[in-house]
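Here is how the chains run, residue by residue.
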Amino acid sequence: MALHPLQAPLDNLTGYLDDARHLYQVTMEKMAALTAARKVTRRAGGGAPTAEHRSLNRAVVVAAVGAWEAFCEDLAISAVDLDPGAKVTNTWYQIGGTRGMVQTPHPSNVAKMFWGYFRYDPRPDWDVSLMASWHEVNGTGTLWRGAITSYAGDAAANALDAMVKVRHGFAHQDKLSVPQSVAGMVNVTPKGKIALHSHHAFNAMSSVVQVAIQTTHGLSDALGVPRRFRWSRHMTNAGWEDLIADTPAATAVKSEWNKSPF
């Protein structure tokens, strides 16, 4: 069976996320080493992460947003040949390059690009599940992650928008771009400082993969191309099973994709 014409952008996303994945791996290794060192001098290994860990968490989010931008451009470029009416030639309305539509990939910009070319708005198709701390969800309780929070449609778009604002704020030191707190995605302190923990870094990667799968499915439907996607070894090697386990995206993969690991 021939591969779906939009399969390649999903396969390519594994590479786009490499930097984020490697940074997250380094963060986890350093956290394990710190915990072990703390246990040498005291009974427990817990405690606040160091400034180095906080910087690494931010770097993961920045890299994940970059991967989301690259994926959206890749997906749109791959889909243009499937829709004769999508070939817009105006230089001010470009998919990629320095004047591309998603240089800052806020959900609204992504939606404008897909709607402008294909009359498809991906946001209603987004349905993401993220790990969160009980304190994020309830305003009380432990800071350790253990809760699952879900966002669909506009709520998912708002969560993704917060992630993009994190990247923009760090990249440009733009205090006007500081997002609101979104459980599982970002904490903002009462003084307006962004606080990112390891689960926020993980969720940044997870949310990108989740909405990438859902956007590809939705665009395929909008173009009238039957879904015939497949799980690849690249996805397994990139840890996608862990990234999307127990999410709506994983359910869709399980029911529809060839070689699904779920």
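Preceding this paragraph is the structure being described.
Presented here is an overview of the structure given in this document. These numbers were taken from a predicted model, which means no experiment stands behind them.

**Details of helix α10 (residues 248–256)**
Every α-helix carries 3.6 residues per turn, so stepping three or four residues along brings you back to the same face. Taken together, the buried positions of α10 are occupied by Ala249, Ala250, Ala252 and Val253. Down the axis of α10, the smallest arc covering the buried residues is 160°, so these residues share one side. Facing away from the buried side of α10 by over 90 degrees, the exposed positions are Thr251, Lys254 and Ser255. Where α10 is buried, its residues touch α7 (198–222) and α9 (240–244).

**Things to note about unusual backbone geometry**
A negative phi holds for most residues other than glycine; trans holds for most peptide bonds. A positive phi angle, close to 55°, is found at Arg119, a residue other than glycine. Along the chain, Arg119 falls in the loop between α4 (107–118) and β1 (127–133). The class for Arg119 is exposed, based on a relative accessible area of 54%.

**Focus: the packing of aromatic side chains**
With the rule as written, the count across this model stands at ten aromatic pairs. Look at Trp68 and Phe71: their rings are 6.1 Å apart centre to centre, the planes differ by 20°, and that puts the pair in the stacked class. Separated by three residues within a single helix, Trp68 and Phe71 lie in helix α3 (residues 51–80), roughly one turn from each other. You can call Trp68 buried: its relative accessible area is 0%.

**Some details on the pattern of salt bridges**
Enumeration according to the criterion identifies six salt bridges in this entry. For the salt bridge of Asp11 with Arg230, the shortest nitrogen-to-oxygen distance reads 3.1 Å. Here Asp11, found in helix α1 (residues 7–16), pairs with Arg230, found in the loop between α7 and α8 (233–237); they are 219 residues apart in sequence, far enough to count as distant. Classification of Arg230 by relative accessible area gives buried; the value is 19%. One salt bridge connects Arg123 with Asp121, and the closest N-O pair in it is separated by 2.9 Å. Given a relative accessible area of 26%, Arg123 falls into the partly exposed group. Taken together, the salt bridges that share partners define one network made up of Asp221, Arg227 and Glu256.

**A few points about the nonpolar core**
Judged by nonpolar contacts, the single largest core of 67 residues is most densely connected at Leu13, Leu17, Trp68, Phe114, Phe118, Leu219 and Trp240. For this core, the leading source of residues is α3, giving 13 residues. With sequence-adjacent residues up to four places away left out, Leu13 is seen in contact with Ala67, Phe71, Val208, Val209, Ala212 and Trp240.

**Points about α7**
The end-to-end C-alpha distance of α7, which contains 25 residues, comes to 36 Å, matching closely the 36 Å that a straight helix rising 1.5 Å per residue would cover. Within α7, 22 of the 25 residues are buried, leaving the element largely enclosed by the surrounding structure.

**Remarks on the environment of Pro122**
Looking at the element boundaries, Pro122 is found in the loop between α4 and β1. Along the chain, Pro122 and Pro107 lie 15 residues apart, while their C-alpha atoms are 8.8 Å from each other. Contact partners of Pro122, with chain neighbours within four places excluded, come to Val110, Ala111, Phe114 and Thr215.

Conventions adopted
- What you see as residue numbers is a count from 1 along each chain, following the sequence as written.
- Residue-level local features of this predicted model are given only where pLDDT is at least 70; pairs of side-chain atoms are given and counted only at 80 or more, and the full residue set underlies all totals for whole chains, interfaces and linings.
- For side-chain calculations, the full set of non-hydrogen atoms in the structure is used, while hydrogens and water are omitted.
- Partly exposed residues are those whose accessible area sits between 20% and 50% of the maximum for their type, while under 20% is buried and over 50% is exposed, using a 1.4 Å probe and protein chains only.
- Helix numbers and strand numbers start at the N terminus; a helix is a DSSP run of H or I with at least 4 residues, a strand a run of E with at least 2.
- To be clear, the arc concerns the directions from the helix axis to the C-beta atoms.
- Should any heavy atoms of two residues lie within 4.5 Å, those residues are considered in contact.
- When two rings of Phe, Tyr or Trp (its six-membered ring) have centres within 6.5 Å they constitute a pair, described as stacked for plane angles under 30 degrees, edge-to-face for angles over 60, and tilted for the intermediate range.
- Any carboxyl oxygen of Asp or Glu that lies within 4 Å of a side-chain nitrogen of Lys or Arg is treated as forming a salt bridge with it.
- Take the buried residues of types Ala, Val, Leu, Ile, Met, Phe, Trp, Tyr and Cys, join any two whose side-chain atoms come within 4.5 Å, and each joined set is a nonpolar core.
- One less than the residue count of a helix, multiplied by 1.5 Å, gives the span that helix is expected to have.

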